[in-house]
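Here are the chains, one letter per residue:
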Amino acid sequence: MSRAKRLRRLAVLLVAASPLFAGGISCGGDTDDIIVFHAGSLSVPFRRIADDFEAAHPGVRVLLEAAGSRSCARKIADLGRPADVMASADYTVIDELLIPEHASWNIRFASNEMAIVYRTGSTRAGEISVENWHEVLLDDAVAFGRSDPDSDPCGYRAVLTAKLAERYYGVPGLAARLLRKDGAFIRPKETDLIALLESGAIDYAFLYRSVAMQHGLPFLVLPDEINLKRADLAGLYAAVEVEVSGRRPGTTIVKRGAPMVYGVTIPRQAPHQALALAFVEYLLDAERGMAAMEAAGQPSVVPSPTDSWEALPARLRRFALPPAGGRDAPEGGA
């Protein structure tokens, strides 16, 4: 074999063996890298949590991959992408798209609320208020953005917020008018809207309050009746709904308004089950991961009821509660 042919063959072998050839992530069983798929709104606290976890576990790397929560779930369910942990901005995404085929349990861990986020130079920023924000967004001189409901919970929550606003303010047709406007500024995940805001491409965005706080952006606090924040207003929120893509292509599911609750799971095919379990345990610990979540403006809801109590790993049961009417949690949460 000529030297040139040997070099070409060597190059092919090196490329095939490279982690980049496998999608940019090394996920073999003999590595200490764990892959965490997570909602874009978790980017800031998860970076801190990952850094702290790595410091506590020398030799371990946490590879974070942010996307809309529904997109994260589809990477696992439809594309077969390896992931050790999946954290969603809406716990029901895990129930609807991953359980039971691709995951067996789901723990609820944090909350949030919808807000109208802007920059100091946004058109009409000096006059926007709780009473007139919907009128400001409908102004032809104003552009606003939201995320894609089929990819991202923040996207369908923006739709639900608009529909709740129509009822709250008593303005017939308000939701349809808001949702018809500025379709060019719909993005795959909510954090994609930050660049549009900062560049001046848009003036406002339907975003989570925590995202605005983390990026130092001004925001308008919405009434509790429309911001999807309060658990005691679940019945009011459930009066509106939106249709999004279903588990299989061509199907749809209905999402009703509900208080915001994040969820986390370990997929059945996680390459590093033991490390994934340690990471989730670290995340849910009140003095570790959840302290970082609280500092980032995403309050803890740990422990909360879970419909998958029986499937929970024993080490994680202290972070959850059985469903209403289920058996009591074991003493001490073993």
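The rules we used
- Residues numbered from 1 in each chain as written.
- Predicted model: local features only at pLDDT ≥ 70, side-chain atom pairs only at ≥ 80, totals over all residues.
- Heavy atoms only, no water.
- Helix = DSSP H or I, 4+ residues; strand = E, 2+ residues; numbered from the N terminus.
- Contact = heavy atoms within 4.5 Å.
- Buried < 20%, exposed > 50% of the residue type's maximum accessible area, 1.4 Å probe, protein only.
- Lys, Arg positive; Asp, Glu negative; His and termini not counted.
- Salt bridge = Lys/Arg side-chain N within 4 Å of Asp/Glu carboxyl O.
- Polar contact = N/O pair within 3.5 Å; in protein donor to acceptor, adjacent residues only side chain to side chain.
- pLDDT = per-residue confidence, 0-100.

Undergrad: Mind laying out the side chain of Arg157, listing which residues take part and the relevant values?
TA: Relative to the assigned elements, Arg157 resides in helix 6 (residues 153-169). When near neighbours in sequence (up to four residues on either side) are disregarded, Arg157 contacts Ala89, Asp90, Met114, Tyr208, Leu228, Met260 and Val261.

Undergrad: Explain the side chain of Asp84 residue by residue, including any values.
TA: Here Asp84 lies in the loop between helix 3 (69-77) and strand 3 (85-88). The charged side chain of Asp84 is buried without a salt bridge, its nearest counter-charge being Arg81 at 11 Å. One polar contact links the side chain of Asp84 to the main-chain amide nitrogen of Ile35, over a distance of 2.8 Å. Within the structure, Asp84 has its side chain in polar contact with the backbone nitrogen of His272 (distance 2.7 Å). Once residues within four sequence positions are removed from consideration, Asp84 is found in contact with Asp33, Ile34, Ile35, Thr265, Ile266, Pro267, Ala270, Pro271, His272 and Ala276.

Undergrad: Quick rundown of the confidence of the model for the protein? Include the residues and the values.
TA: On average, residues of the protein score 89 in pLDDT, and 88% of them reach the 70 mark or higher. Across residues 1-30, where pLDDT falls below 50, the model places 20 contacts with residues more than four positions away in sequence or in other chains. A low-confidence stretch, residues 327-334 (pLDDT under 50), is modelled with 13 contacts involving residues beyond four sequence positions or located in other chains.

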